[in-house]
Amino acid sequence: MSTTDTAALLDALRQRLGPEGCVAGADIGPRYFTAYNEAPVCRPLAVLRPASIDDVSCALALCHRFGVGVVPQGGMTGLAGGALAGADEVVLALERFNGIEEIDAAAGTVTVRAGTVLQTLQQAVREVGFELGLDLGARGSCQIGGNLATNAGGNRAIRFGVARDQVLGLEAVLADGTVVGGLNKMLKNNAGYDLKQMFIGSEGTLGVITRAVLRLQPKLHSTHTCLCTVPDYAPVIELWRRTRASLSDVSSFELMWPDFYRYVTAHTPGLEIPFAADEVFYLLIECATTNPDAEVCAARFEACLGEWFEAGLIGDAVLAGSTRQAESLWRLREGLAIDALPNLINYDVSLPIGGIDGFVQQCRATLAGRWPAVQSVFFGHIGDSNLHIGVSLAELPPSGGHEVDALVYALVREAGGSVSAEHGIGRAKRDFLDYTRSPAEIDLMRTLKSALDPRGILNPGKLL
Ligand code: ZN
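The text that follows walks through the structure, step by step, so that each part is easy to find. All values derive from a computational prediction rather than experimental measurement.

What counts, and at which threshold
Residues numbered from 1 in each chain as written. Predicted model: local features only at pLDDT ≥ 70, side-chain atom pairs only at ≥ 80, totals over all residues. Heavy atoms only, no water. Salt bridge = Lys/Arg side-chain N within 4 Å of Asp/Glu carboxyl O. Helix = DSSP H or I, 4+ residues; strand = E, 2+ residues; numbered from the N terminus. Buried < 20%, exposed > 50% of the residue type's maximum accessible area, 1.4 Å probe, protein only. Contact = heavy atoms within 4.5 Å. Polar contact = N/O pair within 3.5 Å; in protein donor to acceptor, adjacent residues only side chain to side chain. Donors = N, O, S within 2.8 Å, 3.2 Å for Na, K, Ca; no water. Pairing = 2+ DSSP bridges. Axes fitted to C-alpha atoms, helices over the stretch in contact; angles between N-to-C directions. Parallel < 35°, antiparallel > 145°, perpendicular 65-115°, else oblique. Left-handed = near helix turned anticlockwise from the far one by under 90°. Nonpolar A, V, L, I, M, F, W, Y, C, P; charged D, E, K, R; others polar.

**Let's talk about the pattern of salt bridges**
Okay, step 1: In the structure shown here, the tally under the stated rule is 24 salt bridges.
Okay, step 2: With a shortest N-O distance of 3.6 Å, Asp11 and Arg14 are connected by a salt bridge. One end of the pair, Asp11, and the other, Arg14, are both in helix α1 (residues 3–21), 3 residues apart, so they sit about a helical turn from each other.
Okay, step 3: Residue classification places Asp11 among the partly exposed residues on the basis of a relative accessible area of 47%.
Okay, step 4: Several salt bridges converge on common partners, so that one network encompasses Glu101, Arg113, Glu171 and Arg211.

Listed below in structure tokens is the structure:
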């Protein structure tokens, strides 16, 4: 685009959105061009901060007319680089279009604007006796619009599903400014294509999500957290079957491999260490219950642990007796200590649950065969078939992390897994989309993209 065109577009945007709604040049703060835990990248052409649906629509219509790329932005907590803009693109930040429009207690729904911070929404629905099905570590800064655009997974997926499963109604704005969708509150609505699903998980490449109707869950009264050791992988699978059968309110089923447990327990100052680091597996199970009688729930959990021990499925077990103890078990599982590993590369992949340990063994051996001094750690939300891998090399190969990515993702492809479990494809995993999706699927994605965004202005260079 020529300089005159750029000036004309910025003028028109400024006039329509006001000085708070259109920020350009040196006035753009680094948070709009910095990904989570990374150094700032290039400053975008402008940051648009619409305060209404009409603002979003007009901003998109203008950018569409000028053919300028638009990168929708939420709380910037994604890990796939999906919300970073280039120097000739504009950021569309939904932060000013926030707040809860309605909580409908009869329908059990909340109508919320895209820029609302997840934690704000969680607190608001709790105050009126409900619970939101979605929860993730970034709750204090991530926004609902971003959660839906990336179909975030989070901590409670085995209980309530992923972001997609919370949505009853959705409103989005297309590349040319057309507002589509509606605020449906009904569970059953089979009148034609379910268009909202196209936008959820599309990472802002098909439209910009502005509002959503989410279903609400009954309030959770208490949580019960246990850590146990498991002698082999077959018992882990049997425990998963038994947990679902006897503890239907299970909300987390998280596994740590010994390399992860050993590293975290050795490198987290002040951490309470429940067991020695010489066991095969460490399994964290949490139940979140709607039953107001916490003692009954704790006793039921304890009875299960007794049965599992008798059956030889678990070795040692500790059931947290206080919130502080539960937090300590989670601190161990969250394992922030691994962030200190040199040149750490994190992977977020999915694999069929029965084959996860086989994959881990193969991945560990293949990495060590290629780089003998590699340090790898494995842990994950295995009840969701989601595995996290941390790979650390004292020195990265000349190609950077790409060679490590290619090795790990090739094994994921072989095992029939997915290269992205919860963070999407963004910019980081574009080269590997075809490891998980067939050529026919990718062609269909391109057909959808060109039908909805013929000029290719929505989040260019991401996903596809
Ligand atoms: Zn995770």
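**Side note on the environment of Tyr282**
Okay, step 1: Mapped onto the fold, Tyr282 is located in strand β13 (residues 281–289).
Okay, step 2: On the accessibility criterion, Tyr282 (0% relative accessible area) is buried.
Okay, step 3: The contact partners of Tyr282, leaving out residues within four places of it in the chain, are Leu227, Cys228, Thr229, Glu254, Leu255, Met256, Pro258, Tyr261, Phe275, Ala276 and Ala277.
Okay, step 4: For Tyr282, the side chain forms a polar contact with the main-chain oxygen of Ala276, separated by 2.9 Å.
Okay, step 5: In this structure the side chain of Tyr282 is engaged in a polar contact, spanning 3.4 Å, whose partner is the backbone nitrogen of Asp278.

**Looking at the coordination of the zinc ion**
Each pair of donors in an ideal four-coordinate tetrahedral metal site encloses 109.5 degrees, whereas pairs in an ideal six-coordinate octahedral site enclose 90 or 180 degrees.
Okay, step 1: Only His381 (NE2), His388 (NE2) and Glu422 (OE) from the protein reach the zinc ion as donors, at distances of 2.1 to 2.5 Å.
Okay, step 2: On the primary sequence, the residues serving as donors to the zinc ion are separated as H-x6-H-x33-E.
Okay, step 3: Residue His381 is classed as buried on the basis of its relative accessible area, which comes to 7%.

**A word on the sheet that holds strand β12 (residues 250–256)**
Okay, step 1: Within the open sheet, the 7 strands sit side by side as β14-β11-β13-β12-β16-β17-β15. Their pairing is antiparallel. If you trace the sheet from one side to the other, it starts and ends with β14 (317–319) and β15 (345–350), each paired once. Between one strand and the next, the sheet's axes are offset by a mean angle of 15°, whatever the strand orientation.
Okay, step 2: In this structure, strand β11 (residues 222–230) lies alongside β13, joined through 9 bridges in antiparallel fashion. From the neighbouring strand, Thr225 faces β13, where its bridge partner is Glu286.

**Notes on the side chain of Ser420**
Okay, step 1: Along the chain, the position of Ser420 falls in the loop between α12 (402–414) and α13 (439–452).
Okay, step 2: For Ser420, a relative accessible area of 15% puts it in the buried group.
Okay, step 3: Side-chain polar atoms of Ser420 contact the backbone oxygen of Gly424, separated by 2.9 Å.
Okay, step 4: Non-local contacts of Ser420, meaning those with residues more than four positions away in its chain, are made with Asp348, Ile425 and Lys429.

**Focus on the packing of helix α7 (residues 233–246) against helix α9 (residues 294–310)**
Okay, step 1: Interaxial distance between α7 and α9 falls to 12 Å at its minimum, and their mutual angle equals 150°. Between α7 and α9, the angle is such that the two are roughly antiparallel. When you trace α7 past α9, the crossing you get is right-handed. Between α7 and α9, the residues in contact are Leu239, Arg242, Thr243 and Ser246 and Arg300, Cys304 and Trp308, respectively.
Okay, step 2: Of the residues assigned to the contact of α7 with α9, the class counts are 3 nonpolar, 2 polar and 2 charged.

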